[in-house]
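Fold and geometry: a report
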Amino acid sequence: MATMMDIAQSLGISKSTVSKALNGAPDISETTRNTIVQRAVEMGYTRGRRSPSLPRICIFVMHMRYETPEDFGYDIVMGFRHLAEPAGFRVDIINLDEGTQQSIQYDEYMLRNDYRGAFFLGINNSDPWIDSVKGSHTATILFDNPTFENHRLTQVGVDNTEALNLAVSHLWQLGHRRIGYLSSGSADAYIYQQRHHAFIAAIQQYTADVPITGAADYTTDCISTHLPRLLDSGCTAIVCNHDILAQAVLTHCAETGIRVPEDVSVIGYDDIPLCQFTRPPLTTVRQNRLQLGKSAFYALQCQLNNTPINQLTLHAELTVRGSTGPAKA
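Definitions and limits used
Numbers given for residues are sequential positions, taken from 1 along each chain in its written order. The predicted nature of this model means local features are confined to residues of pLDDT at least 70 and side-chain atom pairs, given and counted, to a pLDDT of 80 or more, with totals for whole chains, interfaces and linings taken over all residues. As a rule here, side-chain values cover all heavy atoms of the structure and leave hydrogens and water aside. The cut-offs for exposure are 20% and 50% of the maximum accessible area for each residue type, with area from a 1.4 Å probe on protein chains only; residues under the lower value are buried, those over the upper are exposed, and the others partly exposed. Segments assigned H or I by DSSP are reported as helices when at least four residues long, segments assigned E as strands when at least two residues long, and all are numbered from the N terminus. Contacts are assigned to residue pairs that have any heavy atoms within 4.5 Å of one another. In this scheme, strands are said to pair when DSSP sees at least two bridges between them. In this context, the arc is that of the directions from the helix axis out to the C-beta atoms. To get an axis, a line is fitted to the C-alpha atoms, and for a helix only the part in contact is used. The angle between two axes follows their N-to-C directions and goes from 0 to 180 degrees. Pairing of aromatic rings covers Phe, Tyr and the six-membered ring of Trp, with a centre-to-centre limit of 6.5 Å; geometry is then stacked below 30 degrees between planes, edge-to-face above 60, and tilted otherwise. Definition used: whenever NZ (Lys) or CZ (Arg) falls within 6 Å of the ring centre and also within 35 degrees of the ring normal, the charge is taken to sit over that ring. In protein, a polar contact means a hydrogen-donor-capable atom and an acceptor-capable atom, both N or O and within 3.5 Å, with residues adjacent in sequence counting only if both atoms are side-chain atoms; elsewhere, any N or O pair within 3.5 Å suffices.

Three or more residues of helix 4 (residues 74-84) are buried, namely Ile76, Val77, Met78, Gly79, Phe80 and Ala84. Buried residues in helix 4 make contact with strand 1 (56-61), strand 2 (90-95), strand 3 (115-121), strand 4 (139-143) and helix 12 (289-304).

Here is the structure:
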């Protein structure tokens, strides 16, 4: 294990300067501090290397709920902990706010708190830490984010290309020839961009027609503006980028006298618990969130053992329920 003296010698500076930088002393410039922190992380320095306590890793949660079994992130967190804690790690779950990100760089935060690695749930391109995560030297797992060509980062997620192919293929086999796509959520969300591109690629395998799509930051705007346009254009099926949007489509159809699936079929994405209880029950792309959490810990173990996995991608599954049926003649 690297020591402060090892770090000092590698940079040609004093041990006291390294100590000040790693302990947040105010008389060290930001440039010097960042250089020392970066070298410390590169060399594997940890504050708790002589501590008898469990090695610490963390899950950063942003823009996502995880507290109850109904929340999307709940099973992901549980899956991660189910493997990490028996393996001898202490897992801290941190609701990461903007103030923390603005006050300290990612690698420095990890070093000061003696975290060996992290799993991010929900970081977006607009978040303050995104640039320091891109260049991080800490073992880091990202859920549904690109890896930014950094060997210390690994992406975990479901194969979106396979997922949208399954959805479109299912609808095409049911006779649907006008299939629309709706997306709501932040335009900065990498995963929503990927699903949109995957839908276009999937639909182009079947028709040369221009894909019929609509996107908005908010679900209400998507429903009020884009859903009527897609229906007026003759769409007999709608694929949504997440289940909450698909549920809103079902509600709109029920309120306006549009029958599902007789008049229009609807597919969601994620298979959150409510999908079984919508009217009708929602056909959706299933993400096995328990397995995603377990895969994230496996990827983090690989990173901690200096095995630079770029991506760990699970197969997609289509759960067929009552919201899809044969196309209306």
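With that settled, the discussion passes to the environment of alanine 8. If you trace the backbone, alanine 8 turns up in helix 1 (residues 4-11). Here the alpha-carbon distance between alanine 8 and arginine 39, two residues 31 residues apart in the chain, equals 9.4 Å. When near neighbours in sequence (up to four residues on either side) are disregarded, alanine 8 contacts Ile13, Ser14, Lys15 and Val18.

Relative to strand 10 (residues 283-286), strand 9 (residues 265-270) is paired through four bridges, and the arrangement is parallel. What sits directly across from tyrosine 269, in strand 10, is valine 285. Here three bridges tie strand 10 to strand 12 (residues 317-319), and the two strands are oriented antiparallel to one another. Within strand 12, the position partnered with arginine 286 by the bridge is glutamate 317.

The linkage connecting valine 260 with the following residue, proline 261, adopts the cis geometry, with an omega of 10 degrees. Mapped onto the secondary structure, proline 261 falls in the loop between helix 11 (243-256) and strand 9. A positive phi angle, close to 125 degrees, is found at aspartate 270, a residue other than glycine. Note on placement: aspartate 270 falls in strand 9.

Structurally, the α-helix is built with 3.6 residues per turn, so residues lying three or four positions apart point the same way. Every buried residue of helix 2 (residues 15-22) is accounted for by Val18, Ala21 and Leu22. For helix 2, the angular spread of buried residues about the axis comes to 90 degrees, placing them on one side. Once helix 2 ends, the next one or two residues include glycine 24, with phi positive near 75 degrees.

The residue glycine 185 is located in the loop between strand 6 (179-184) and helix 9 (190-203) in this model. Using a relative accessible area of 22% as the deciding quantity, one classes glycine 185 as partly exposed. Residues glycine 185 and leucine 245, 60 residues apart in the sequence, show an inter-C-alpha distance of 9.4 Å. Leaving out residues up to four positions away in the same chain, glycine 185 has contacts with Tyr192, Ala216 and Asp217.

By way of backbone hydrogen bonds, the strands of a sheet pair with one another, either parallel or antiparallel. If you trace the six strands from one edge of the open sheet to the other, you get 2-1-3-4-5-11, paired in parallel fashion. The open sheet terminates on both sides in strands that have one partner only, identified here as strand 2 and strand 11 (311-314). Strand after strand, the sheet turns through a mean of 20 degrees between neighbouring axes, direction not considered. Sitting on the sheet, helix 4 is in contact with strand 1, strand 2, strand 3 and strand 4, with an inclination near 160 degrees to strand 2.

So, about the pairing of strand 7 (residues 212-216). Covered by surrounding structure in strand 7 are Ile212, Gly214 and Ala216 only, the residues Thr213 and Ala215 on the alternate face being uncovered. The pairing of strand 6 with strand 7 spans five bridges and is parallel. Pairing of tyrosine 181 across the sheet is with threonine 213, part of strand 7.

Now for the packing of aromatic side chains. Think of a pair of aromatic rings as described by two things: how far the centres are apart, and how the planes are tilted against each other in angle. By the definition in use, this model includes 15 aromatic pairs. Here the aromatic rings of phenylalanine 120 and tryptophan 129 are separated by 6.4 Å at their centres, their planes lie at 70 degrees, and the arrangement is edge-to-face. Pair check on accessibility: phenylalanine 120 and tryptophan 129 agree, each one buried. Taking 4.8 Å as the distance between ring centres and 20 degrees as the angle between the ring planes, the aromatic pair formed by tyrosine 181 and phenylalanine 199 counts as stacked. Within this pair, whereas tyrosine 181 is found in strand 6, its partner phenylalanine 199 is found in helix 9, the two being separated by 18 residues in sequence. On the basis of relative accessibility, which here comes to 0%, the residue phenylalanine 199 falls in the buried class. An aromatic cluster is present here, built from Phe60, Tyr106, Tyr109, Tyr115, Phe120 and Trp129 joined pairwise through their rings. Of note, arginine 177 hangs over the ring of tryptophan 172, and the distance from its end group to the ring centre comes to 4.1 Å.

Turning to the side chain of glutamine 101, a few remarks are in order. One can find glutamine 101 in helix 5 (residues 98-103). When its relative accessible area of 5% is taken as the criterion, glutamine 101 is described as buried. Polar contacts involving the side chain of glutamine 101 include one to the main-chain carbonyl oxygen of aspartate 97, which spans 3.3 Å. Residue contacts for glutamine 101: discarding those within four places in its chain leaves Met62, Leu96, Asp127, Pro128 and Trp129.

The strand order across the open sheet built from six strands is 7-6-8-9-10-12, with neighbouring strands paired in mixed fashion. One side of each edge strand has no neighbouring strand; the edge strands of this open sheet are strand 7 and strand 12. For this sheet, the mean angle separating the axes of adjacent strands, direction not counted, is 20 degrees. Helix 11 rests against strand 6, strand 8 (237-240), strand 9 and strand 10 of the sheet, and its axis sits at about 155 degrees to strand 9.

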